[in-house]
Each structure stands twice: as C-alpha cells, then as structure tokens.
Amino acid sequence: MTMEDSTKVKSDLVQIARLALSEKTDDVRLFVARLVRQYRGSEPALAEQLDNYLRTIAPSGASSFMRKESPPAQRSKAGEATAVPVDDESRLSLLKIFNEGPDYPKPLLDASVEQPLAQLLRERKQIKKLAGLGLHPTKSSVFVGAPGVGKTITARWIAAQLGVPLLVLDLTAVMSSLLGKSGANIRAALDYAKRIPCVLFLDEIDAIAKRRSDESDIGELKRLVTVILQEVDEWPPTGLLLAATNHPELIDPALWRRFDLVVDFKSPDATTIEAAINRFLGPDTLKFEKWVETLSYAFQKQSFSDIERDINRLRRTLALGGGTPQKLVEDVVTHKVTELGRAEQIEFALLLDSQTSLSQRSIHEITGVSRDTIRKHRKADSAAASRSRTRTTA
Ligand SMILES: Nc1ncnc2c1ncn2[C@@H]1O[C@H](COP(=O)(O)OP(=O)(O)OP(=O)(O)O)[C@@H](O)[C@H]1O
Ligand SMILES: [Mg+2]
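Summarised in this report is the structure supplied together with it. Note that the structure is a prediction, hence the values are computed from the model and not measured. (Residues numbered from 1 in each chain as written. Chains lettered and ligands numbered in written order. Predicted model: local features only at pLDDT ≥ 70, side-chain atom pairs only at ≥ 80, totals over all residues. Heavy atoms only, no water.)

## Here's the deal with helix α16 (residues 342-355)
Working step 1: With 14 residues, α16 extends 20 Å from end C-alpha to end C-alpha; this agrees with the ideal 20 Å at 1.5 Å per step.
Working step 2: Among all positions in α16, only Q345, I346, F348, A349, L350, L351, L352 and D353 are buried. (Helix = DSSP H or I, 4+ residues; strand = E, 2+ residues; numbered from the N terminus. Expected span 1.5 Å × (residues − 1). Buried < 20%, exposed > 50% of the residue type's maximum accessible area, 1.4 Å probe, protein only.)

In structure tokens:
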C-alpha cells in the first residue's frame, strides 16, 4: 500500500467511525456506497462484500431515509398533501428535501463561479421579462469539482435564494439500493419534483456512469440513462434542474450537452482559504488573528470541508481548555506539514521564521526543516533582497 492509499484508508476509517458512532445510519450507507464505487476497480472482492452488506442489511426503522431536515413542502396548490415517493422495498426515500430560509449563508465562491450563478438567479427572478422577449431562463446546470468545494451547499443556497425547497436525488443511494426498479423509481421522484415549485438536484450523477462497467445490469442502466436524458430534455423552464459530479470524465456526452450551463468549482486559492479560515473560526477569529496566515499556508491544497473540520476541532479543543491558540495551531500545522513537498516545507519554515515569534527550534519541530537550512535560506534571501535593492537604487 502506498503512503497515499494508507492515508486515505485511515481517513475513511475515521469518517465511517464518526458517522457510525453518531448513529447517522443513512450517511453510513451513503458512505459505504461510495466506497463500493471507489474500490470496484482496484479491490473487487472488498467492493462486493460491502455491496452485499448494503443490499442485505436493511436499515432499521421504516423512515430511516427520511432525513431529520426540515419537513418537506407537502402541500400542493390545491392544498392536499403530496407524498414524497418512497421505494417500498428498500424503504428509502429517494428525495431528501431541504427547506432553507433566505438567511442560508452564501458559500465562498470564486468569481468564475459566482458570476454565472448570479446571472442564473437574475434570469430566474425575471422569467416574465425574458418570456416577453421569447426567451427561457437557464433551466439546467451541472456543477463540476473535487469533493468538499461546495457544490451541494451552493445548490442549497440557490434554492434558498429562490425561496423554494431543494429536492435532492442522490444517485449513489438510488443505484446502490434500488437495482431492478430504479428507472420507475427515478421517474416517480422526478414527476413529483415537476409538480411542485422547487430546485431539483441530481447529486453524484457519475454514479450512473460508473455502474456502466458492470456487465450485469446493462439493461437497467440503459433505461436509467434514458430516463434521465429525457427528463433533462423535458424539464420545464419554470423548474430548475441542478446536478453535481466529481468525475466529469465519466459523464455520458449525451447527458453532458443537455445541460445549459457547466460551472467549474475550483479548489480554494490562498485568499479564499484565508476567508474560509476566518469564516469557520467565527467568534474565535480574534483569538487566532495572529495565526491566520500560518494556518492558511498549512491548509493549502485542502478543500473547504477539510479546513472546516480542522478549524472546528481547534475551536473545540480551545473551548475545553486543551491549550493556547499558539499551541493548537502548532499541532495542526505539524500535522499538515507532512503532506507538503520538501520545497514547500522550507518555504513554510521561512514564513514562520519571518512572520511569527516562534524560535527556530520550534520551527524545526513543526516543519522538520533543520535550523541550519532555515539560516542558510534566510541569508540567501536577505542577500537576494539587498542585491535587488542595490540594483533598483543603482
Ligand atoms: N465554497 C464554500 N464556502 C464555504 N464553505 C464551504 C464551501 N465549500 C465547502 N464548504 C464546507 O464544506 C462542507 C462540504 O461542502 P459540500 O457538501 O457542498 O461539498 P461538495 O462539493 O458537494 O462535495 P462532494 O463532492 O463530496 O459532495 C460544507 O458543509 C461547508 O461547510
Ligand atoms: Mg456534494
């Protein structure tokens, strides 16, 4: 096993333990379904065993998949209740429903994401004006990006901005539990979504594509893809259809070109990481003020969700008297620094040396960069700086 593999296995283990211990059975199932997909290629026996558990061990409690989120918008216009479609066999509700208020926080978005989304919202709010000119608003969009960059929360935020519920059809859940009947199930779910004002969100659409390699259910898959293609085609312009994927390369080109708008979510850059740290620190921002730059260096190449998790842990430890801000930051940094390359570690050591009051010994302990190396580079740096000063003054 490579270092990378073993780091991933460890983090998966931690994740699943966390979900299991907090009794989030639904999330455990989703997570296991994800592992099944991940390991199908490299560890088929393991994938199959997990998959078997998913199929044979039923969740306890009939309403297990009905989330504890706010209740669905259950009244249709006529006032009668519209039931959320549920698959009898697996008892999984196919749709998770989120009702967020207008105060749902706006995700931190890169300008390249923010702009098209602002336009999308503007179009939605002026459907009549567009219609007067014979134009339809953007009716479908697919969000592409690595895990934890904010695709899902952005979908929730958009629905909140539009004042309608977000209906989430999680295709991983559908695929892993409803084989044999998924076509009909998806259609039922989508019909429901068409009848009420909402944003429909197809999460993890690559789940379908991935299943393709599985010879056994080719027929089923073809039906599924057809259903989805038709639905995207026929989606009424009054509704908004969003989708998300981590694996654009797996998406059927026929499905791909049916989306009006493709939005690429970027991993956060240095400025955004700093903003994220400040946001996640919340009321503790002041206590860590001196350390934001150090933290943002340590968090480079991490996703928003990783940053949030680490910051939350930091805040909890601080709240329980587990150390001073400096000590806690050092702990985080020491851990992160192992993931950096040698050149970055040196750069980081120099940053700590110039920006903080840490001794070179502590910097060495944190970064693994020797005091000699720090001194050498510092000398080289100041020599370079004075050279460039002489040059500019000359
Ligand atoms: N752009 C962002 N701004 C602020 N917080 C973010 C952002 N992106 C992610 N987060 C934090 O990380 C968490 C996970 O984000 P989210 O579920 O939206 O990621 P995702 O892109 O949908 O990932 P996945 O591909 O794994 O589904 C969020 O609950 C939020 O706290
Ligand atoms: Mg998501």
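That covers the picture; the talk isn't over yet.
## Description of unusual backbone geometry
Working step 1: Located in the positive-phi region is E204, a residue other than glycine, with phi close to 55°.
Working step 2: As for its position among the elements, E204 is in the loop between β4 (199-203) and α9 (206-211).
Working step 3: For E204, a relative accessible area of 10% gives the class buried.
Working step 4: Positive phi, close to 70°, is recorded for K301, a residue that is not glycine.
Working step 5: Since its relative accessible area comes to 64%, K301 is described here as exposed.

## Digging into the pattern of salt bridges
Working step 1: Taken as a whole, this structure holds 16 salt bridges when the rule is applied.
Working step 2: Across the salt bridge formed by R37 and E204, the nearest N and O atoms sit 2.6 Å from each other. Within this pair, whereas R37 is found in helix α2 (residues 25-42), its partner E204 is found in the loop between β4 and α9, the two being separated by 167 residues in sequence. Here R37 matches E204 in class, with each residue buried.
Working step 3: Across the salt bridge formed by D51 and R40, the nearest N and O atoms sit 3.5 Å from each other. Taken together, the residues D51 in helix α3 (residues 44-56) and R40 in helix α2 connect sequence positions 11 residues apart. (Salt bridge = Lys/Arg side-chain N within 4 Å of Asp/Glu carboxyl O.)

## Let's talk about the nonpolar core
Soluble globular proteins: nonpolar side chains tend toward being buried together.
Working step 1: Core analysis: the largest hydrophobic core is formed by 34 residues, its most contacted members being I277, L295, F299, I307, I311 and F348.
Working step 2: Listed by contribution, the elements that provide at least two residues to this core are α12 (270-281), α13 (292-298), α14 (304-319), α15 (325-337), α16 and α17 (360-367).
Working step 3: In terms of residue count, α16 provides more of this core than any other element does, six residues in total.
Working step 4: Excluding its chain neighbours within four sequence positions, the residues that come into contact with F299 are I273, I277, I307, D310, I311, V332 and K336.
Working step 5: By size, the runner-up hydrophobic cluster in this structure holds 31 residues, among which are A193, I205, V227 and I251. (Core = buried A, V, L, I, M, F, W, Y, C linked by side-chain atoms within 4.5 Å. Contact = heavy atoms within 4.5 Å.)

## Looking at the site of ligand 1
Working step 1: For ligand 1, the set of nearby residues contains 16 residues, the closest of which are L108, G148, K151, T152 and E308.
Working step 2: In this structure, an oxygen atom belonging to ligand 1 sits 3.0 Å away from a main-chain N or O atom of G150.
Working step 3: Isolated, ligand 1 exposes 630 Å² of accessible area, and the fraction of that covered by the protein chains is 82%.
Working step 4: Looking at the shell around ligand 1, the elements that each hand over two or more residues are α6 (151-162) and α14. (Near = heavy atom within 4 Å. Polar contact = N/O pair within 3.5 Å; in protein donor to acceptor, adjacent residues only side chain to side chain. Areas by Shrake-Rupley, 256 points an atom, 1.4 Å probe, with all protein chains shown as cover.)

From the geometry alone we can't say anything about function, so treat these as descriptive.
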